[in-house]
Amino acid sequence: MEKQEINNAITEHAMYKFKLNDLISKGQLEDHKGPCTETDCQFGKWFYDTSVSSRHRSSYFYKQVKQLHGDFHQIACRVAGLAVEGKAEEAQKMMEYDGEFQQVSNKLMEALMRWRELV
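Residues numbered from 1 in each chain as written. Predicted model: local features only at pLDDT ≥ 70, side-chain atom pairs only at ≥ 80, totals over all residues. Heavy atoms only, no water.

So, about the overall build of the chain. Scanning the chain for helices and strands turns up six helices and zero strands. Going from N to C terminus, the chain has its helices and strands arranged as α-α-α-α-α-α. Here the C-alpha atoms of the chain give a radius of gyration of 15 Å, agreeing with the 14 Å that 2.2 N^0.38 yields for 119 residues. Overall size of the chain, expressed as C-alpha extent along the three principal axes, is 45 × 30 × 20 Å. For the chain, with 119 residues in total, the buried portion stands at 41%. The long-range share in the chain, meaning contacts at least 24 apart out of those at least 6 apart in sequence, stands at 71%. Side-chain charges in the chain split into 16 positive and 18 negative, and the spacing between the mean points of these groups amounts to 5 Å. (Helix = DSSP H or I, 4+ residues; strand = E, 2+ residues; numbered from the N terminus. Rg over C-alpha atoms; globule rule 2.2 N^0.38 Å. Buried < 20%, exposed > 50% of the residue type's maximum accessible area, 1.4 Å probe, protein only. Contact = heavy atoms within 4.5 Å. Lys, Arg positive; Asp, Glu negative; His and termini not counted. Charge placed at Lys NZ, Arg CZ, Asp CG, Glu CD.)

This structure, assessed with the given rule, holds one disulfide. Unpaired in terms of disulfides, C41 finds its nearest cysteine sulfur in C36, a separation of 12 Å. C41 sits in the buried class, given a relative accessible area of 1%. (Disulfide = S-S within 2.5 Å.)

Taken as a whole and judged by the stated rule, the model has 10 aromatic pairs. Judged by centre distance (5.3 Å) and plane angle (90°), the rings of Y16 and F72 are edge-to-face. Here F72 lies in helix α4 (residues 60-84) and Y16 lies in helix α1 (residues 2-26), a separation of 56 residues in the sequence. The two residues Y16 and F72 agree in class, both being buried. With 5.3 Å between their ring centres and 70° between their planes, Y60 and F61 make a pair best called edge-to-face. Members of the aromatic cluster, connected to one another through ring pairs, are F43, W46, F47, Y48, Y62 and W115. (Phe/Tyr/Trp six-rings, centres within 6.5 Å; stacked < 30°, edge-to-face > 60°.)

Our next topic: the nonpolar core. One finds L20, F43, V65, V79, F101, L112 and W115 to be the most contacted residues of the largest nonpolar core, which totals 33 residues. Only α1, α2 (42-47), α4, α5 (88-95) and α6 (100-118) provide two or more residues apiece to this core. No other element matches the 11 residues that α4 contributes to this core. (Core = buried A, V, L, I, M, F, W, Y, C linked by side-chain atoms within 4.5 Å.)

It is worth spelling out the packing of α4 against α5 at this point. Two numbers describe how α4 lies on α5: the axes approach to 7 Å, and their chain directions differ by 155°. Our classification of the angle between α4 and α5 gives roughly antiparallel. α5 is crossed by α4, and the crossing has left-handed handedness. Here I75, R78, V79, L82 and A83 of α4 come into contact with α5, specifically with A88, E90, A91, M94 and M95. (Axes fitted to C-alpha atoms, helices over the stretch in contact; angles between N-to-C directions. Parallel < 35°, antiparallel > 145°, perpendicular 65-115°, else oblique. Left-handed = near helix turned anticlockwise from the far one by under 90°.)

Structural measurements only, silent on function.
Now the structure itself:
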C-alpha cells in the first residue's frame, strides 16, 4: 500500500508543473484553494494520516519527504499567488530549469523515489 501511495505522490506532484504553467497562462485559479497546503493533495491526506506505519514515520526519508513536501507546496503557492496577481513573468522564472519550483520539485521527486525503494 505505501509503495503505491508513493507512486501516486510522484505522479500527482509531477502534474503540479502542468497545473501551475496553465495557471500562469490563464492568470486565475480553477480550484479556489490552490496548491497552498500540504493536505490539499491526495498524498498529503495519506501522509499525515495514521495509516503510515510508525517504522516509516521514524525513517530518515519520511522526515526528508515531510520537509520537502512542505517546501514544495509553499513554493507552488508563491507561484500561484504571483500568477493570480498578474506577475506571470516572475511566476514563470520560478518554474524554469534553475527556478525555485523546479529545484524543490526535483528534490522532492528524488526523495520520494529513494523512500519508495525502502518500502
